[in-house]
Amino acid sequence: MATAAKETHMERKLIRISSKRQVTIPQRYFDRLGFGQEAECILRGDELIIRPIATQNDGAFSEQILADLIAQGYNGEELLERFKAARKKVRPAVMRMIEEADALAASHQKGPSLDDLFGEE
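None of these values were measured; they are calculated from a predicted model.

Undergrad: Explain the pattern of salt bridges to me, and be specific about the residues and the numbers.
TA: Taken as a whole and assessed by the stated rule, the structure comprises four salt bridges. For R51, the salt bridge goes to E40, with nearest N and O atoms at 2.9 Å. One end of the pair, R51, is in strand β2 (residues 47-52); the other, E40, is in strand β1 (residues 39-44), and 11 residues separate them in sequence. Under the relative-accessibility criterion, R51 is labelled partly exposed at 36%. Overall, the relative accessible area of 12% leaves E40 in the buried class. Look at the salt bridges and you will find they share partners, linking E11, R28 and R32 into a network.

Dropping the structure here:
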């Protein structure tokens, strides 16, 4: 059975770069992609990708972080500060894991199995 490849529609628009290296995202793209106050900037080969930051659903990570910090004896303002610092590390860690997976896939080497990573059920 053949699987249909996802077709990607591409639009092109030239934009100016200011003397301060600033660019303006065209309004149509801004609205369509749901940009907020921040964007993610990725260098991939000779391409620069600017995309909106996905809405984070890190509830499970937050609960694990809090439980660990409470178990370590933190509370009050110190707990809040440690939580904020730990939560900021989640996204970069996930991005590193994705980069490592991409590099492994590109090298065509066999990586660890799911059982190696997560153990057997």
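Undergrad: Help me get a handle on the packing of aromatic side chains, residues and values and all.
TA: Within this structure, the stated rule accounts for one aromatic pair. When the ring of F30 is compared with that of F35, the centres are 5.6 Å apart and the planes differ by 20°; the resulting orientation is stacked.

Undergrad: Account for a nonpolar patch on the surface, naming residues and giving values.
TA: On the surface, I15, I17, V23, L43, L48 and I50 cluster together into a nonpolar patch covering about 600 Å² of accessible area. Topologically, I50 is positioned in strand β2.

Undergrad: Go over the pairing of β2 with me, naming the residues and quoting the values.
TA: In terms of strand pairing, β1 meets β2 through six bridges, oriented antiparallel. Of the residues in β2, the one forming a bridge with R44 is E47. Two successive antiparallel strands, β1 and β2, enclose a turn made up of two residues, where G45 displays a positive phi of approximately 60°.

Undergrad: Pulling in residues and values, what's your account of the side chain of S62?
TA: Mapped onto the elements of the fold, S62 is located in helix α2 (residues 59-71). Beyond its immediate sequence surroundings of up to four residues, S62 is in contact with F83 and R87.

Scoring rules and cut-offs
Residues numbered from 1 in each chain as written. Predicted model: local features only at pLDDT ≥ 70, side-chain atom pairs only at ≥ 80, totals over all residues. Heavy atoms only, no water. Salt bridge = Lys/Arg side-chain N within 4 Å of Asp/Glu carboxyl O. Helix = DSSP H or I, 4+ residues; strand = E, 2+ residues; numbered from the N terminus. Buried < 20%, exposed > 50% of the residue type's maximum accessible area, 1.4 Å probe, protein only. Phe/Tyr/Trp six-rings, centres within 6.5 Å; stacked < 30°, edge-to-face > 60°. Patch = residues over 30% accessible without salt bridge, like charges linked within 9 Å, V, L, I, M, F, W, Y side chains within 5 Å. Areas by Shrake-Rupley, 256 points an atom, 1.4 Å probe, with all protein chains shown as cover. Pairing = 2+ DSSP bridges. Contact = heavy atoms within 4.5 Å.

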